[in-house]
Amino acid sequence: MAEKITPRSTSYSDWYIDIVTQAKLADYSPVKGSMVIRPRGYALWEKIQGTLDRMFKETGHSNAYFPLLIPQGFLQKEAEHVEGFAPELAVVTHGGGAELDEPLVIRPTSETIIWAMYKKWIQSYRDLPLLINQWANVVRWEKRTRLFLRTTEFLWQEGHTAHSTKEEAVEETKRMLDVYRTFAEEYMAVPVLTGVKSESEKFAGAVDTYAIEALMQDKKALQAGTSHFLGQNFAKAFDVTFQNKEGGLDHVWATSWGVSTRLIGALIMAHSDDNGLVLPPRLAPTQAVVVPIFKTSNKEQVLDYANGIFQEIRKTLGTEFNRVILDDDEANSPGWKFAEWEMVGVPVRVELGPRDMENKKVVLVRRDTREKEFVDASAAPARIKELLEEIQQNLYQKALAFRQENTFAANTYDEFKAYFDGEGGGGFVTAPWNGDAGIEAKIKEETKATIRVLPFGNEEQALGKTCIFSGEPAKYLAVFAKAY
RNA sequence: CGGGAUGUAGCGCAGUGGCUAGCGCGCCUCGUUCGGGACGAGGAGGCCGCGGGUUCGAGUCCCGCCAUCCCGACCA
C-alpha cells in the first residue's frame, strides 16, 4: 500500500514524478503533454499567486485580462518574435463550424495583442507609464514535456509595461527582476542568481532578457523567472507612439516579465527529499497538522484534548482554510498519517496521545529535519510559529550552502569540462568568455552546459581576463550550467 | 522529430493458444486495533487500448492503427 517514492539516488527524474503524483500536486491529462493541477498543487499556486500579486500591486501594477485567441497576423508583426514562437504555436483554423478567414493562434505569450491594445490606449506621456499584469494560461506546443517544468499549457503571470523613456523601462525591468529574486529567496527559500541572458538565450523580441536562475538538487539549473527589456521593438511593430512634453512623437519603451507554474517544479526540486514533498512554511498551504493518537477506549478524551490545542494553534497561525488541520480520521492509523503528511509536505506535525495528555505535552515534528521535540501544550502554538520560521530559514540556508558547494570557477576548458563530467557533474561554473555565440554553441554541444546568466556588471570583472574557450580577451564572466 | 518501453479492475502488475482472467494495494461492510504506512472475516469492481485477420477456440499468434510514458535534439 505504501506508495513508494523512488529515491533520488536511483533516479532523480522518477523521484520528481513520484513526488508530484504521490503528493497529489498534479496528474497527467488525457492530452499529451498537458496536466491537471490537483487541489494540493493549485493551493500552492494560489499561495504563490497571492504573494506575487500583492508585490506587483505594491509596485504600482494593476491586473487586467487579455483574450486567449490572437489573430495570427499579430504574431508576424515582430520578426524575431514570430520566428521564436512559430514552432510552438497552436493554431485555431475553424470556429462555429466554418473555416476562419484568418487563423487564430492560442497565445504563447501576449505581447502582440497587448501592444495592439496599447496603441489605442496611449497617446500622451500623460498615459505613461502603463503598468499592467495579467494572470493567464498560455500554450506552447512542446516536443518534450515534464510535469510543471514544461507542459503544453501552463499558468503564469505576464506583466506588460509601457514607458516614455528607455531609462525608466530598464529600471522597471530590473525592479521586477528584483521582485522575483525577493520572492524566490524570501518565500520559496530558493537562492537565485540574477543577470542578463546571452543573445542566444534571450526572449524572442527582447533587447535584453534578465533572469533568475536556481540550482536544483541534481545540480542542474532552472530558469525560474524572466524580465525583459523590450526596447521599442513592439512599439514599432504596432506603431505605438506618444506625444512628449515638447510636443514631439516618440515610440513607447516596453518591458514584460513573467513567472509560471514552473515555480512549483523549482520548489519541489530545491527542497524535497525521499520521503516526499518539503515546502517552505510561507508558501505551504497547510502549515501544521495535528494528529491525535487514540484508541476506541480513550477516543473522546484525546480528541477533546487535541481539539483544544488545535483551536489554540489556529489562533496563532490564522484561521485561513486548511492552514492548520486536525486529522481526526478514524480509518487510518497514526503511523499512516505521519507518512502521509510527510509526503504532502506539511512543515510541522503535532502528535498527541494519551501519554502527552497526561503530562500536558505535545510532540512537534519538523518536516525538514524530521526532528521531534516535546513541549508543554501551553507553549505549543508559540513554538510552532517559531519552528515555521526556523524551517523557512533552514531551507534557504541549506539550498544556499548546496549552491555554494556546487559553484566553481574554471580556468581552462579542460577544467571546465571536468566539472560537467559524469553522473555527479554539474553546478554553476563561472568562466571568462569572449561573447561569441559560435563558441557558446560549441560548448553546449560538447558539454551540454549553457550560459545561464551573465551576472550584472561583470564586464568589469572580465577585464584583463582571457576567454578560456578561444584564448581571446574575455568580455564576460559567464555562469554556465546544465539546465532544465 | 528520432530512440526505447508500455497499454489487462481505481493504481501497480501476473497471465507459457484451452474451462468461469488472476495477484498485491486501494475501495465497501462488520469487528478487533491504534506512539512511524495494523489485522481478521465478508464483499463490489473487467469492452484484456482500438480495428482487422489466423484458428474449433485469441488477453495470448499475425497485420494495421491509436494513445501515453521515459530518454535524446528544440523550448518558460
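Residues numbered from 1 in each chain as written. Chains lettered and ligands numbered in written order. Predicted model: local features only at pLDDT ≥ 70, side-chain atom pairs only at ≥ 80, totals over all residues. Heavy atoms only, no water.

1. Some thoughts on the protein's contact with RNA strand B
Note the cut-off: Consider each residue's heavy atoms; a residue with any of them within 4 Å of a molecule or strand counts as near. Side-chain atoms alone can form a polar contact between residues adjacent in sequence; in general such a contact is a pair of N or O atoms within 3.5 Å, and within protein one must be able to donate a hydrogen while the other accepts it. Only runs of H or I of at least four residues qualify as helices and only runs of E of at least two qualify as strands under DSSP, and these elements are numbered from the N terminus.
Near RNA strand B there are 45 residues, and of these R150, T151, R262, R349 and D356 occur at the shortest range. Atoms of RNA strand B within 4 Å of the protein: sugar and phosphate make up 49%, bases the balance. Backbone polar atom of G353 to a base oxygen of RNA strand B: 3.3 Å apart, as the coordinates give it. Those elements that place two or more of their residues in the surface near RNA strand B are α1 (12–22), α10 (334–343) and α11 (354–359). Here the surface near RNA strand B gets eight residues from one element, more than from any other, and that element is α10.

2. A few points about the sheet that holds strand β21 (residues 428–433)
Selection rule: Between any two strands, at least two bridges found by DSSP are needed for them to pair. All axes are obtained by fitting lines to C-alpha atoms, using only the stretch in contact for helices, and the reported angles, taken between N-to-C directions, cover 0 to 180 degrees. Contacts were defined at the residue level, with two residues in contact if any of their heavy atoms lie within 4.5 Å.
The strand order β20-β21-β23-β22 describes an open sheet built from four strands, whose pairing is mixed. Edge positions in the open sheet fall to β20 (407–409) and β22 (450–453), since each of these has one partner strand only. For this sheet, the mean inter-axis angle between neighbouring strands, taken without regard to orientation, is 45°. Two elements, β20 and β21, share three bridges in a ladder whose sense is parallel. Its bridge partner being in β21, F408 is matched across the sheet by V429. Helix α13 (residues 413–420) contacts β20, β21 and β23 (476–481) of the sheet and is inclined by roughly 160° relative to β21.

3. Points about the packing of aromatic side chains
Using the following cut-off: In summary, the pairing rule links any two rings of Phe, Tyr or Trp, Trp by its six-membered ring, whose centres are within 6.5 Å, and it sorts them by plane angle into stacked for under 30 degrees, edge-to-face for over 60 and tilted for everything else. For the exposure calls, accessible area comes from a 1.4 Å probe over protein chains only, and a residue counts as buried if that area is under 20% of its type's maximum, exposed if over 50%, partly exposed in between. Placement of a positive charge over a ring is assigned whenever Lys NZ or Arg CZ falls within 6 Å of the ring centre and within 35 degrees of the normal to the ring plane.
What the rule picks out here adds up to 22 aromatic pairs. When the ring of Y12 is compared with that of W15, the centres are 5.0 Å apart and the planes differ by 40°; the resulting orientation is tilted. With a gap of three residues between them, Y12 and W15 both fall in helix α1, about one helical turn apart. In this structure W15 comes out as buried when scored by relative accessible area, which is 0%. Ring geometry for W115 and Y118: centres 5.0 Å apart, planes at 65°, overall edge-to-face. Linking W115 with Y118, this pair stays in helix α5 (residues 111–121), spanning three residues, or about one helical turn. Like W115, the residue Y118 is buried in the burial classification. In textbook terms, an aromatic cluster arises when at least three aromatic residues are bridged by ring pairs, as seen for W45, F56, W135, Y180 and W257. R282 extends its terminal NZ or CZ atom over the ring of Y187, reaching a point 5.7 Å from the ring centre.

4. Focus on the pairing of strand β18 (residues 361–366)
Of all the six residues making up β18, five are buried; the element is thus mostly covered by neighbouring parts of the structure. Pairing geometry for strand β17 (residues 348–352) and β18, over four bridges, is antiparallel. Bridge pairing links E351 to V363 in β18. Across five bridges, the pairing between β18 and strand β19 (residues 372–376) is antiparallel. Each bridged residue has a counterpart across the sheet, and for V362 the counterpart in β19 is V375.

5. Looking at unusual backbone geometry
Cis rather than trans, the peptide bond between L128 and P129 has omega equal to -5°. Tracing the backbone through its elements, the reader meets P129 in the loop between α5 and β7 (130–139). Unusually for a residue other than glycine, K219 sits at a positive phi of about 70°. In this structure, K219 sits in the loop between β10 (208–215) and β11 (221–231). We classify K219 as partly exposed; its relative accessible area is 22%.

6. Notes on the packing of helix α2 (residues 39–58) against helix α8 (residues 262–271)
Angle between the axes and distance between the axes: these two values describe a pair of packed helices. Rules: Small angles under 35 degrees read as roughly parallel and large ones over 145 as roughly antiparallel, with 65 to 115 read as roughly perpendicular and the rest as oblique. Gly is put with the polar residues, along with every residue not named as nonpolar or charged; the nonpolar set is Ala, Val, Leu, Ile, Met, Phe, Trp, Tyr, Cys and Pro, and the charged set is Asp, Glu, Lys and Arg.
Packing of α2 against α8 leaves a shortest axis separation of 10 Å and a crossing angle of 105°. By the angle between their directions, the pair α2 and α8 is classed as roughly perpendicular. Taking contact as the criterion, the partners of G41, L44, W45, I48 and L52 in α2 are, on α8, L263, I264 and L267. Among the residues making up the contact of α2 with α8, the classes are represented as seven nonpolar, one polar and no charged.

7. Regarding empty space enclosed by the protein
Spelled out, the test is: Buriedness for pockets is judged along seven lines, at least five of which must meet protein on both sides within 12 Å for an open set on the 1 Å grid over protein atoms alone, while cavities are sets there where a 1.4 Å probe fits but cannot get out, and lining residues have an atom within 4 Å of a point. Grid points are joined across faces, edges and corners, and a volume is the space filled by probe spheres set on the points.
In the structure shown here, the tally under the stated rule is two cavities of 30 Å³ or more. Volume-wise, the largest cavity comes out at about 60 Å³. Lining the largest cavity are W341, E342, V346, P347, V348, R349, V365, R366, R367 and R370. Residue assignment for the lining of the largest cavity shows that the elements contributing at least two residues are α10, β17 and β18. The residue inventory of the lining of the largest cavity, partitioned by class, reads five nonpolar, no polar and five charged. By volume, the second largest cavity amounts to about 30 Å³. Lining the second largest cavity are L52, Y180, F183, A184, M188, I212, V259 and L263. Considering each element in turn, the lining of the second largest cavity owes the most residues, three residues, to helix α6 (residues 166–187).

8. A short note on α10
Buried within α10 are the following residues: K337, F338, E340, W341, E342 and M343. Where α10 is buried, its residues touch α1, α2, β15 (288–292), β16 (324–326) and β17. Phi turns positive one or two residues past the end of α10, at G345, with a value near 85°.

9. What about the confidence of the model for chain A?
Spelled out, the test is: One number per residue, pLDDT, summarises how confident the predictor is, and it ranges from 0 to 100.
In the predicted model, chain A carries a mean pLDDT of 94, and the fraction of residues at 70 or more is 99%. For this predicted complex, the interface score ipTM comes out at 0.89, alongside a pTM of 0.96.

10. A word on the pattern of salt bridges
The line we're drawing: A carboxyl oxygen of Asp or Glu within 4 Å of a side-chain nitrogen of Lys or Arg is what we treat as a salt bridge.
Per the stated rule, a full pass over the model turns up 29 salt bridges. A salt bridge links K57 to D53; its shortest N-O distance comes to 2.6 Å. Of this pair, K57 and D53 are both found in helix α2, four residues apart, which corresponds to roughly one turn of the helix. Judged by relative accessible area, which is 15%, D53 ranks as buried. Note that E389 and R282 form a salt bridge whose closest N and O atoms lie 3.0 Å from each other. One end of the pair, E389, is in helix α12 (residues 380–405); the other, R282, is in the loop between α8 and β15, with 107 residues separating them in the sequence. With relative accessibility at 34%, the residue E389 sits in the partly exposed group.

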